Amino acid sequence: MKKFLKLFSLFILAIILVIGGIFVYNWRDRQPGYSIDLKLENKTPQPLLAGFAKKAITPTIIDTWNDVNGDNKYDEDDGDTFNDLNKNGEFDAFWIAGMSNAKPAQGVHDEVWSRVMVLDDGKSRIAMISMDAIGFLHGDVIDIRNRIPKELNIDYTLLSSTHTHESNDLVGIWGENIFNSGVSPEIMEYVKAQTVAAIIEAAGKLRPAKLVFAEDLSGRDSVLMKDTRKPIVKATGIHLMQVLDLENNQTLGTIINWSNHPETLWSQNLLISSDFPHYVREGLENGVYNGDELMQEGIGGVAIYFSGAIGGLMAPHPSIAIHDPFTGTPYSEPTYEKTKALGDHIALMSLEALKLRGDTLTASSISVRAKTIFAPLDNITFKIASGIGLIKMGMPEYFKSRTEVGAIRIGPAMFLSIPGEIYPEIIFGGVEAPDGREFDIQPIETPPIQDFITDKYKFYLGLSNDEIGYIIPKSEWDTGKPYLYNDERDTYGEENSLGPETGPLIYKSLIEVIKDLK
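What you are looking at is a predicted structure, and each value in this text was computed from that prediction instead of being measured.

Draft legend 1. Seen up close, the side chain of Lys210. Structurally, Lys210 is set in strand β9 (residues 207–216). Of the buried charged residues, Lys210 lacks a salt bridge, with Asp245 as the closest side chain of opposite charge at 9.0 Å. Among the polar contacts made by the side chain of Lys210, one reaches the side chain of Asn249 at a distance of 2.8 Å.

Draft legend 2. Spatial organisation of the packing of helix α1 (residues 2–26) against helix α6 (residues 380–387). Packing of α1 against α6 brings their axes to within 7 Å, and their N-to-C directions diverge by 100°. Classed by the angle they form, the pair α1 and α6 counts as roughly perpendicular. Contacts between α1 and α6 involve Ile22, Phe23 and Asn26 from the former and Ile384, Ser386 and Gly387 from the latter. For the contact of α1 with α6, a count of residues per class yields 3 nonpolar, 3 polar and no charged.

Draft legend 3. Structural view of helix α5 (residues 336–356). In this model, α5 (21 residues) spans 30 Å end to end at C-alpha, consistent with the 30 Å of a helix rising 1.5 Å per residue. Across the 21 residues that make up α5, a large majority, 15, are buried. Trailing α5 by a residue or two, Arg357 shows a phi angle of about 50°, which is positive.

Draft legend 4. Seen up close, the packing of aromatic side chains. One pass over the structure, following the stated rule, counts 15 aromatic pairs. Seen in terms of ring centroids, Tyr74 and Phe91 are 4.8 Å apart; in terms of plane orientation they differ by 50°. Their pairing is tilted. Residue Tyr74 is located in the loop between β3 (64–66) and β4 (81–83), and its partner Phe91 is located in the loop between β4 and β5 (107–108); the two are separated by 17 residues in the primary sequence. Neither Tyr74 nor Phe91 differs from the other in exposure class; each is buried.

Draft legend 5. Spotlight on the pattern of salt bridges. Considering all chains together, one arrives at 28 salt bridges under this definition. The partner of Asp37 in a salt bridge is Arg369, and the shortest N-O contact between them spans 2.8 Å. Within this pair, whereas Asp37 is found in strand β1 (residues 37–40), its partner Arg369 is found in strand β22 (residues 366–376), the two being separated by 332 residues in sequence. Assessed through its relative accessible area of 61%, Asp37 is described here as exposed. Residue classification places Arg369 among the buried residues on the basis of a relative accessible area of 10%. For Lys55, the salt bridge identified is with Glu201, shortest N-O distance 3.2 Å.

Draft legend 6. Just the nonpolar core, in detail. If you look at the biggest cluster of nonpolar residues, it comprises 70 residues, and the most contacted ones within it are Trp258, Leu416, Ile422 and Ile449. In terms of residue count, the dominant contributor to this core is α5 (8 residues). Excluding residues that lie within four positions of it along the chain, Ile449 makes contacts with Leu416, Ile422, Ile426, Ile427, Tyr507, Leu510 and Ile514. With 35 residues, the next largest nonpolar core counts Ile126, Leu211, Val243 and Ala413 among its residues.

Draft legend 7. Spotlight on the layout of surface pockets. In this model, the second largest pocket occupies a volume close to 310 Å³. Every residue lining the second largest pocket is counted, 15 residues in all, and those nearest its centre are Asp140, Val183, Met188, Lys192 and Lys392. For the lining of the second largest pocket, the secondary structure elements donating two or more residues are α2 (138–147) and α3 (185–204). Take the lining of the second largest pocket: its biggest share by element is 3 residues, from α3. Of the residues contributing to the lining of the second largest pocket, the split by class is 7 nonpolar, 4 polar and 4 charged.

Draft legend 8. Local environment of empty space enclosed by the protein. The tally for this structure, following the rule as stated, stands at 1 cavity of 30 Å³ or more. The wall of the largest cavity is formed by Ala235, Thr236, Gly237, His239, Asn257, Ser259, Gly308, Ala309, Phe428 and Tyr460. In the lining of the largest cavity, the residues fall into 4 nonpolar, 6 polar and no charged.

Draft legend 9. Layout of unusual backbone geometry. Residue Lys230 is joined to Pro231 through a cis peptide bond whose omega torsion reads -5°. Note that Pro231 resides in the loop between β10 (226–227) and β11 (238–245). Lys481 connects to Pro482 through a cis peptide bond whose omega is -5°. Here Pro482 shows up in the loop between β27 (470–471) and α8 (502–516). One non-glycine residue, Lys87, adopts positive backbone phi at about 60°.

Draft legend 10. Up close: the environment of Ile506. Residue position: Ile506 is located in helix α8. You can call Ile506 buried: its relative accessible area is 0%. Taking C-alpha positions, Ile506 is 31 Å from Gly358, a pair spaced 148 residues apart along the chain. Excluding residues that lie within four positions of it along the chain, Ile506 makes contacts with Ile373, Val405, Pro419, Ile468 and Ile471.

Draft legend 11. Focus on the sheet that holds strand β26 (residues 457–461). If you walk across this open sheet you meet the 5 strands as β1-β22-β23-β24-β26, and the pairing is mixed. Each edge of the open sheet is held by one strand with a lone partner, namely β1 and β26. Pairs of neighbouring strands in the sheet enclose a mean axial angle of 15°, with direction left out of account. Where strand β24 (residues 413–417) lies against β26, 5 bridges are found, and the strand directions are parallel. Note that in β26 the partner of Ser417 across the bridge is Leu461.

Draft legend 12. Broad picture of the pairing of β11. Judged by how many residues are buried, β11 sits mostly within the fold: 8 of 8 residues are covered. Judged by which residues are buried, β11 turns out to be covered on both faces: Ile238, Leu240, Gln242 and Leu244 on one side and His239, Met241, Val243 and Asp245 on the other are all buried.

Draft legend 13. Looking closely at the environment of Asp110. By the element assignment, Asp110 lies in the loop between β5 and β6 (113–120). As a C-alpha pair, Asp110 and Val24 span 86 residues in sequence and 40 Å in three-dimensional space. With residues near it in sequence (within four places) discarded, Asp110 still touches Ile272, Ser273, Ser274 and His278. One polar contact links Asp110 to His109, side chain to side chain, over a distance of 2.8 Å.

Draft legend 14. Representation of the pairing of strand β15 (residues 293–296). For strand β14 (residues 288–290) and β15, the ladder comprises 3 bridges, and the chain directions are antiparallel. By the bridge assignment for β15, Val288 is matched with Gln296.

Here is what the cut-offs are and how they apply
- Residues numbered from 1 in each chain as written.
- Predicted model: local features only at pLDDT ≥ 70, side-chain atom pairs only at ≥ 80, totals over all residues.
- Heavy atoms only, no water.
- Helix = DSSP H or I, 4+ residues; strand = E, 2+ residues; numbered from the N terminus.
- Buried < 20%, exposed > 50% of the residue type's maximum accessible area, 1.4 Å probe, protein only.
- Lys, Arg positive; Asp, Glu negative; His and termini not counted.
- Salt bridge = Lys/Arg side-chain N within 4 Å of Asp/Glu carboxyl O.
- Polar contact = N/O pair within 3.5 Å; in protein donor to acceptor, adjacent residues only side chain to side chain.
- Axes fitted to C-alpha atoms, helices over the stretch in contact; angles between N-to-C directions.
- Parallel < 35°, antiparallel > 145°, perpendicular 65-115°, else oblique.
- Contact = heavy atoms within 4.5 Å.
- Nonpolar A, V, L, I, M, F, W, Y, C, P; charged D, E, K, R; others polar.
- Expected span 1.5 Å × (residues − 1).
- Phe/Tyr/Trp six-rings, centres within 6.5 Å; stacked < 30°, edge-to-face > 60°.
- Core = buried A, V, L, I, M, F, W, Y, C linked by side-chain atoms within 4.5 Å.
- 1 Å grid on protein atoms, 1.4 Å probe; cavity = no way out; pocket = protein on both sides within 12 Å on 5 of 7 lines; lining within 4 Å.
- Points joined across faces, edges and corners; volume = space filled by probe spheres on them.
- Pairing = 2+ DSSP bridges.

Below you can see the structure in the form of structure tokens.
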């Protein structure tokens, strides 16, 4: 018996060591020594060069499947089966990210993209990319940066995710189940290769350019979103930068920045899609249609959509109706009709704002401040998911994740690089310390970030260079009873955040990069 117990103990110890070794290996720093501490400053307006490009990053659907009970989730225990169209004996699934696990794509509704603008003021050259993805981790951003040919002379690259909940998983936690990553290594490689190809193409298309800044701050867009968590602070406002060819006045491309979760299609959709950003971009580029009838002409070029301050949670929730801008038909249920109505509204408001042309610049300058920061990782689920290899985030310091903040000034505009889904009250004001909060403190993230920005035009680029999840004011943090505001239900957000120190850290770091560009 003693010998058996000894052998059994050694066996258990061996298992513990193996599991521990796996965790430690997966927690390793995947970019050892990487850090950015960049300051590019140019206060003298110069002639600009600009180039735009877009490359599809859409997966090719190989196998389809049969949903026996119609629950939109693949479960063999329910009798679900797959159609082995390539005859390899395996289910080659692309798992749709967002909402839940076990959602293999059945097809493609619209292409998903990496869209790129390269801008050069004669002193500095930057690339700004928006990718149709639920998120793109910082390590993968670094990998793309390292792949950009040196001869392109790009000084800084910003990569933001639109956060569509209808495209394939590029983070890892939306696979078949909670123990299997949803990321296809082949598709991840394809996404990176296509993104670099788009950067190269945009840099090869540089043309003398001028900029047109515009915005819609009317608040009309407030009916297109719901703030699903108190305090109610909606991130309204559409921010635009149109880039025109200086010689022929044709549109090279347009930056659109708006704050709403691209999840209009909600949890039942099984088609790859960029959600409403697809219709926003189509409207800007090719015009807004009511059926086959052109209602508003587009402006051409490459439209690039950036999500803004979408935490909180800014969402086109099924409980709100979006009215068709032409027929007035209300759409509440998650459908492509509702998605198009939402996208058409933003496209129409954007085109209207651009007609008014707030400021046009034939010369401008680029300044950049970006820096690496290390955010404490307190989320136990994230620790485990990283340890078993679901999320390849890595930790250069003890339970600290490497991420990045930044600020870009282009003429009269500042573009703030925010590495996650920031709560609007941190940006616009309204942070509270409600009853039921976990920490007995008053608001830390005050005054709001917008008060520190003196630039006329403000662009808040969420999920930029990383997806660290929700950035929540610490005085609003709540993980148990009593619930915030003495509500009967718990809050949503904390389970998808690095931890309670994330809000104060990102707030402080963003203010630092803003002040560094004064």
